[in-house]
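Residue-level structural notes
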Amino acid sequence: MQTLTLSDASRYIAGVVLLTIVTIEFGGTFLVKVVRGAVPLTDFQKSFARAGHAHAGVLVTLGLVCLVLADAASLDGFWGWSARIAVPLAAVLMSGGFFASSMGRGEITRPNGFIRILWAGAVSLAYGVLTLGIGLLAG
């Protein structure tokens, strides 16, 4: 039976990523308040809050999987670090983009300028999975 040993880089990033799950849990409690009507939001804001929370959870999970795959591909140096960090960074940027672009007072019905953060996250996600995919195929 083969054992899995994470590289120091993957172990460090995984530890930090796992600690961020507490913030995702906090977001879940916020969503419960929204659903109960304790936090008045427009339908647009509710949908962006749900999307931000969902993207955080899914991308953090994908980020942890990518760490193991980066080690399996024996990626190191610049490509190794960028493949390991890009997906967790996308989790922060995309979820933050959903939340920040729907902030404001009054009847908010469309995203504000902070939507650019979401698109930066999409670029980071694409970069991370492409780098890792190519690394796996080339290895």
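What this report covers is the structure whose coordinates are included nearby. (Residues numbered from 1 in each chain as written. Predicted model: local features only at pLDDT ≥ 70, side-chain atom pairs only at ≥ 80, totals over all residues. Heavy atoms only, no water.)

**Notes on the overall build of the protein chain**
To keep it simple, the criterion reads: Helix and strand labels come from DSSP, where a helix needs a run of H or I of at least four residues and a strand needs a run of E of at least two; each type is numbered from the N terminus. With a 1.4 Å probe rolled over the protein chains alone, any residue whose accessible area is under 20% of its type maximum counts as buried; one over 50% counts as exposed, and the rest are partly exposed. Only heavy atoms enter the contact rule, under which two residues are in contact if any of them lie within 4.5 Å. Residue-level accessible areas treat just the shown protein chains as cover; the underlying method is Shrake-Rupley with a 1.4 Å probe. Two residue types count as positive, namely Lys and Arg, and two as negative, namely Asp and Glu; His and chain ends fall outside the count. The location of each charge is read from NZ of Lys, CZ of Arg, CG of Asp or CD of Glu.
Across its full length, the protein chain carries four helices and zero strands. When the backbone C-alpha atoms are referred to their principal axes, the protein chain occupies close to 55 × 30 × 20 Å. Taken over 139 residues, the protein chain has a buried fraction of 38%. Within the protein chain, residue pairs in contact and separated by at least 24 positions form 77% of the contacts whose partners lie at least 6 positions apart. Counting only carbon and sulfur atoms, one obtains 69% of the accessible surface of the protein chain, whose full area is about 8,500 Å². Once the 9 positive and 6 negative side-chain charges of the protein chain are each reduced to a mean point, those two points are 12 Å apart.

**As for the packing of aromatic side chains**
Where we set the bar: Between the rings of Phe, Tyr and Trp (Trp by its six-membered ring), a pair exists once the centres lie within 6.5 Å; its type follows the angle of the planes, with under 30 degrees stacked, over 60 edge-to-face, and the other angles tilted.
Applying the stated criterion across every chain yields a total of three aromatic pairs. Ring centres of Phe-44 and Phe-48 lie 4.5 Å apart, and the angle between their planes is 45°; on these two criteria the pair is classed as tilted. Placement of the pair is Phe-44 and Phe-48 together in helix α2 (residues 43-72), with a separation of four residues, close to one helical turn. Each member of the pair, Phe-44 as well as Phe-48, carries the same accessibility label: buried. Ring geometry for Phe-78 and Trp-79: centres 5.0 Å apart, planes at 75°, overall edge-to-face. Given the relative accessible area of 57%, Phe-78 is considered exposed.

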